[in-house]
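Here is how the chains run, residue by residue.
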Amino acid sequence: MKTRTEFHPLPTILSVLAALVVSVFLLWLTGAPPFEAAGLMLEGAFGSADKIANTLLAWTPLVLASAGLVVTFAAGMWNIGVEGQIVMGAIAASFVAREVPGEAWLVVPLTLVAGVVGGSLWAMLAGVLRTKGHVNEIFGGLGLDFVAAGVAVYLVIGPWSREGTASTSGTDIFREEAWLPTTTMFGTEMPLLAVTLALTATVAVYYLLRGTRFGLRLKAVGQSPRSAFLMGIPNDRYILYAFAVGGALAGIAGAVQATGYHHKLVPSVSGGYGFLGILVVLLAGFSAKWIVPIALFFVTVSVGSTTMELRLGLDSAFGGVLQAVIVLFVMFGTAYATERRRRSKAWSSDP
Amino acid sequence: MDWSATLNSIVAAAAPLILATIGETISEKSGVINLSLEGSLRLSAMVGFVAAFWAGHALVGFAAAMLVGALIATIIAFGNIKLKINQIALGFVLYLLAVELASFLGDPFVGERGEQVPPLPIPGLSEIPFIGKVLFDHNLVVYGSFLAVFATWYLFYRTRAGLTIHGIGERPEGAFARGIPVNRLRFVYTVIGGALVGLAGAAYSLDVKLGWRETLTLNLGWIALAIVIFGSWHPVRVALGCYLFGALQVAAFQLQDVFPGVAQVLPIAPFPLMILALVMIYAGWFVRLGDRWPRARGWLLVEPPGAIGTIFERE
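Residues numbered from 1 in each chain as written. Chains lettered and ligands numbered in written order. Predicted model: local features only at pLDDT ≥ 70, side-chain atom pairs only at ≥ 80, totals over all residues.

Concerning the overall build of chain A
Then, number 1: In terms of regular secondary structure, chain A is built from 13 helices and two strands.
Then, number 2: Over its C-alpha atoms chain A spans a radius of gyration of 21 Å, differing by no more than 12% from the 20 Å that the globule rule assigns to 351 residues.
Then, number 3: Buried residues in chain A amount to 53% of all 351 residues.
Then, number 4: For chain A, long-range pairs separated by at least 24 residues make up 77% of all intrachain contacts whose partners lie at least 6 apart in sequence. (Helix = DSSP H or I, 4+ residues; strand = E, 2+ residues; numbered from the N terminus. Rg over C-alpha atoms; globule rule 2.2 N^0.38 Å. Buried ≥ 20, exposed ≤ 12 C-beta atoms within 10 Å, placed from the backbone. Contact = placed C-beta atoms within 7 Å.)

Listed below in structure tokens is the structure:
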């Protein structure tokens, strides 16, 4: 499958500008002042130390999920199952947070390990369905997303329900030793550990794909499965490795969501960061290099648009519209540039 | 339990889902996956509701919703065919865009009371005991779903155009060599399919669950995608899948008091079923079963169009 596109700076910039114009037009349609809206967005995301901490805490799972998706995309896989992998990571981490007694130094690492295991195994299930069962990973992954969501709902209203009530609002709050630790800075609780995890994961994925034999082989499988096979690379095994790594990172994202953000298991624990991560990676051109700033921009828009809703009475879905419009326009812009270049090459090489 | 009333409600509830799945079947059969279904359905439900609300007539809502579905399909067809953008990527981005747009633009209309499709029992036929109640005591949406299934079946298996659709979805190179304009036809069928999805959206907001709210068609687009696979791209089997899902919904509703939680878990059933159906295609024992009874094979196997999701290039 061809997922790679060439990077064209000028068309990309023009596309982003066009997307912004369309979004401003939408704001104008609803009668909202665009510049005030943009200002409120920035204020909502970075207006105070508390808000910055909150934004970074949302940024972490998005970067983790995106980094995982870069790995699965490198192997040519559309990991639509990423949402389910986040949920399974969160479920596994919640299990540890609920059941394992002891101090934070013991429980916190265990919740993260549990997240890795949960996400990774769930992803490998999609991988096995793909390699052994010939089930396309898009539909297999989609199905597993819903199954994972079903398991989360079942746990929240069933075995892990709060004493006396069976509502979908979540389990009991975990005891504090199981919370992902934060660092007190500038008078607020900064999620430094979470941010470190996300940055480490991004750098690791970047070097895994750039500088290692494993990464090279993974990309060979993704770009040309047939030639990779002829070179003696076991395609199926590498696809499974990609799912294992991608799922592990998504699983950590789930663990961070459960133990760092909600402090409990809720049915919507993934926060939609898996699907949003797909947008991030599409915009980043499938490379780990750009996911950190793009994800920061995306969470700024997401977090900021809630402030916009509070102050301007504008539905916070505007943030999602802006994100999707930008990705759509950049997609068309770069594809148009690629096509034109290809056409003109074909012309000039004609005798 | 009154069986004729229960079956009547299943047939009515499944009608929009049938329109959506048939639309997707037409599109996928020609080789183009419209992954935006979940979003298309939601945005067209919203636009359909609002258009009918403003115009004061349900028909306007259906027309507007159809345009929305067709427009999204046009973006996918154009990007995929002219600019060679990956279908999945396009469909996915449009899914998110349509979902967010529906929430954003539809926000002021949540809770409004809008238009409704009037009931239209067919005189004579609806008097037939049992069957009349189940099949002919409905409205135009439901009769439209019957028509969509029959017309698509006829198109696929009884006409020359149907053969061509198989050709461009299975072996576009071969079809092209025989002088068939592969990409132009894919464009047309994708847009027709999208228009049907749009109709389905309006059917939700103007018929099945009146009004507009974000959760109106929640997950039904994904379920429709699963049912198309489960139904092996065959209009009649796809429709049966929709009725089966309708029955599951009714069962979940009935069992709610006995087993709390079942209402949340049962609607997930189509997804494991879809995976199972896909796994079974290649399972050895199942293939042998199909070899022994060729007739059963046609009804049990799930066979995707050979060139689904691919880009056809002339060069």
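Focus on the overall build of chain B
Then, number 1: In terms of regular secondary structure, chain B is built from 15 helices and zero strands.
Then, number 2: Principal-axis analysis of the C-alpha atoms gives chain B an extent of 55 × 45 × 40 Å.
Then, number 3: Each of the 315 residues in chain B was classed as buried or not, and the buried ones make up 53%.
Then, number 4: Look at the contacts in chain B between residues 6 or more apart in sequence, and 76% of them connect residues 24 or more apart.

Some details on the nonpolar core
Then, number 1: Residues Leu62, Leu64 and Val280 of chain A together with Val93 of chain B are the most contacted members of the largest nonpolar core, which totals 224 residues.
Then, number 2: In this structure Leu62 of chain A touches Tyr273, Leu276, Gly277, Val280, Ala295, Phe298 and Val299 of chain A, once residues within four positions along its chain are discounted. (Core = buried A, V, L, I, M, F, W, Y, C linked by C-beta atoms within 7 Å.)

Describing the interface of chain A and chain B
Then, number 1: Contacts between the two partners involve 38 residues from chain A and, on the opposite side, 32 residues from chain B.
Then, number 2: Mapped by element, the contributors of at least two residues to the side of chain A that touches chain B are α6 (137-157), α11 (273-283) and α13 (317-349) of chain A.
Then, number 3: Split by residue class, the side of chain A that touches chain B holds 27 nonpolar, eight polar and three charged. (Nonpolar A, V, L, I, M, F, W, Y, C, P; charged D, E, K, R; others polar.)

Examining the environment of Leu129 of chain A
Residues and elements named next belong to chain A.
Then, number 1: Mapped onto the elements, Leu129 comes out in helix α5 (residues 104-131).
Then, number 2: Residue classification places Leu129 among the buried positions, given that 22 C-beta atoms sit within 10 Å.
Then, number 3: Separated by eleven residues in the primary sequence, Leu129 and Gly140 place their C-alpha atoms 7.0 Å from one another.

Details of helix α8 (residues 213-223) of chain A
Then, number 1: Listed in full, the buried residues belonging to α8 of chain A are Arg217, Leu218, Ala220, Val221 and Gly222 of chain A.
Then, number 2: Its buried side turned inward, α8 of chain A meets α3 (49-74), α9 (225-230) and α10 (235-262) of chain A.

Digging into the environment of Asn139 of chain B
Residue and element names in this part refer to chain B.
Then, number 1: Topologically, Asn139 is positioned in the loop between α5 (131-135) and α6 (140-158).
Then, number 2: Residue Asn139 is classed as partly exposed on the basis of its C-beta count, with 19 C-beta atoms lying within 10 Å.
Then, number 3: Placed 104 residues apart in sequence, Asn139 and Tyr243 show a C-alpha to C-alpha distance of 17 Å.
Then, number 4: If we skip the residues at most four places from it in the chain, Asn139 touches Val117, Pro118, Pro119, Leu120 and Asp207.

Focus: the packing of helix α2 (residues 37-55) of chain B against helix α10 (residues 220-230) of chain B
Residues and elements named next belong to chain B.
Then, number 1: Close contact between α2 and α10 brings their axes to 7 Å; oriented N to C, the two are set at 130°. The angle between α2 and α10 places the two elements in the oblique class. The hand of the α2/α10 crossing is right-handed. Taking contact as the criterion, the partners of Leu37, Glu38, Gly39, Ser40 and Leu41 in α2 are, on α10, Leu220, Gly221, Trp222, Ala224 and Leu225.
Then, number 2: Split by residue class, the contact of α2 with α10 holds six nonpolar, three polar and one charged. (Axes fitted to C-alpha atoms, helices over the stretch in contact; angles between N-to-C directions. Parallel < 35°, antiparallel > 145°, perpendicular 65-115°, else oblique. Left-handed = near helix turned anticlockwise from the far one by under 90°.)

Description of unusual backbone geometry
Then, number 1: One non-glycine residue, Phe286 of chain A, adopts positive backbone phi at about 65°.
Then, number 2: Within the fold, Phe286 of chain A resides in the loop between α11 and α12 (291-312).
Then, number 3: With 18 C-beta atoms counted inside 10 Å, the residue Phe286 of chain A sits in the partly exposed group.
Then, number 4: Notably, Trp233 of chain B is not glycine yet its phi reads approximately 60°, a positive angle.

Focus on the packing of helix α4 (residues 82-99) of chain A against α10 of chain A
For any two helices packed against each other, the geometry comes down to the angle between their axes and how far apart the axes lie.
Residues and elements named next belong to chain A.
Then, number 1: Their axes nearest at 6 Å, the elements α4 and α10 cross at an angle of 55°. What the angle tells us is that α4 and α10 run oblique. α4 and α10 meet at a crossing whose hand is right-handed. Each of Val82, Gln85, Ile86, Val87, Met88, Gly89, Ala90, Ala93, Ser94 and Ala97 in α4 lies in contact with α10, whose residues at this interface are Gly247, Ala250, Gly251, Ile252, Ala253, Gly254, Ala255, Gln257, Ala258 and Thr259.
Then, number 2: The residue inventory of the contact of α4 with α10, partitioned by class, reads twelve nonpolar, eight polar and no charged.

What about the environment of Ala90 of chain A?
Residue and element names in this part refer to chain A.
Then, number 1: Structurally, the position occupied by Ala90 is in helix α4.
Then, number 2: A residue is classified by how many C-beta atoms lie within 10 Å of it, and Ala90, with 36 of them, is buried.
Then, number 3: Remark: the alpha-carbon pair of Ala90 and Ser224, spanning 134 residues in sequence, is separated by 34 Å.
Then, number 4: Other than its neighbours up to four places away in sequence, Ala90 contacts Gly254, Ala255, Gln257, Ala258, Leu265 and Val269.

Observations concerning the confidence of the model for chain B
Then, number 1: Model confidence for chain B is summarised by a mean pLDDT of 89, while 95% of its residues fall at 70 or above.
Then, number 2: Here the predicted complex carries an ipTM of 0.93, next to a pTM of 0.93. (pLDDT = per-residue confidence, 0-100.)

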